[in-house]
Amino acid sequence: LFFTLLDEFSESLYRKLSDQLSAMLPQLALKLVSVNKLTTGSLFHFKDRTPPSLLSSVVYQFTCEDCHASYIGSTRQTAAVRFYQHLGRSCRTGRQLATRMHSLPRQHAEDHNHRFSIDNFKIIAGPCNSQDLLSLESFHISRTKPKINSQQSSIPILVL
């Protein structure tokens, strides 16, 4: 019964629109096509979403658990690899790296004897192309003014 009413309504609407458009634009042979957006594919998503830790070309934020100071950075690597670099650990084994990269978030945690873990990092923008990555990072730095960052922006931008 519902589909019959819907079909009658659709047919009536089609006729009215067609008549009005033909009267206004007689030189054109307009044809209306109705499309149903509710399809089987719209009900079932077959593609899996990429886990956030595997996303690359993202802007991320570190927030200290103890003092709530923050740091904003960007990476073209996967987020998990970069976060583990900040921790000074291998992303594969979780073991301490022999040579640790310089990291302002880790330095902050060590200097102030604060807790420091992978849970302190979150992705705040992206993924995006490499041209937009530095602009996004600069935008977030200028907007939030994180205490741990040593730079004011990655590239010069004017934010009004």
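Residues numbered from 1 in each chain as written. Predicted model: local features only at pLDDT ≥ 70, side-chain atom pairs only at ≥ 80, totals over all residues. Heavy atoms only, no water.

Asks: Please explain the packing of aromatic side chains as it appears in this structure.
Replies: The relative placement of two aromatic rings is captured by the distance of their centres and the angle of their planes. Counted under the stated rule, the structure contains seven aromatic pairs. Judged by centre distance (6.2 Å) and plane angle (55°), the ring pair of Tyr 60 and Phe 121 falls under tilted. One end of the pair, Tyr 60, is in strand β1 (residues 56-63); the other, Phe 121, is in strand β3 (residues 121-125), with 61 residues separating them in the sequence. In this pair, the class of Tyr 60 matches that of Phe 121, namely buried. Ring centres 5.4 Å apart and planes at 65° place the aromatic pair Phe 62 and Phe 116 in the edge-to-face group. One end of the pair, Phe 62, is in strand β1; the other, Phe 116, is in the loop between α4 (104-112) and β3, and 54 residues separate them in sequence. Relative accessible area serves as the criterion here: at 21%, Phe 116 is assigned to the partly exposed category. Following the ring pairs from residue to residue traces out a cluster consisting of Tyr 60, Phe 62, Tyr 71, Phe 83, Phe 116 and Phe 121. (Phe/Tyr/Trp six-rings, centres within 6.5 Å; stacked < 30°, edge-to-face > 60°. Helix = DSSP H or I, 4+ residues; strand = E, 2+ residues; numbered from the N terminus. Buried < 20%, exposed > 50% of the residue type's maximum accessible area, 1.4 Å probe, protein only.)

Asks: Honestly, the sheet that holds β1 in this entry has me stumped. Any pointers?
Replies: Strands belonging to one sheet form pairs held by backbone hydrogen bonds; the direction of such a pair is parallel or antiparallel. As summarised here, the arrangement of the three strands in space is β2-β1-β3, forming an open sheet in which the pairing is antiparallel. Since the sheet does not close on itself, it has two edges, and those belong to β2 (70-78) and β3, each with one partner. This sheet shows a mean twist of 40° between the axes of neighbouring strands, independent of strand direction. Sheet topology note: the β1/β2 ladder contains seven bridges and is antiparallel. Opposite Val 59, over in β2, you have Ser 74 as the bridge partner. This element, helix α5 (residues 130-144), spans β1, β2 and β3 of the sheet and lies at about 170° to β2. (Pairing = 2+ DSSP bridges. Axes fitted to C-alpha atoms, helices over the stretch in contact; angles between N-to-C directions. Contact = heavy atoms within 4.5 Å.)

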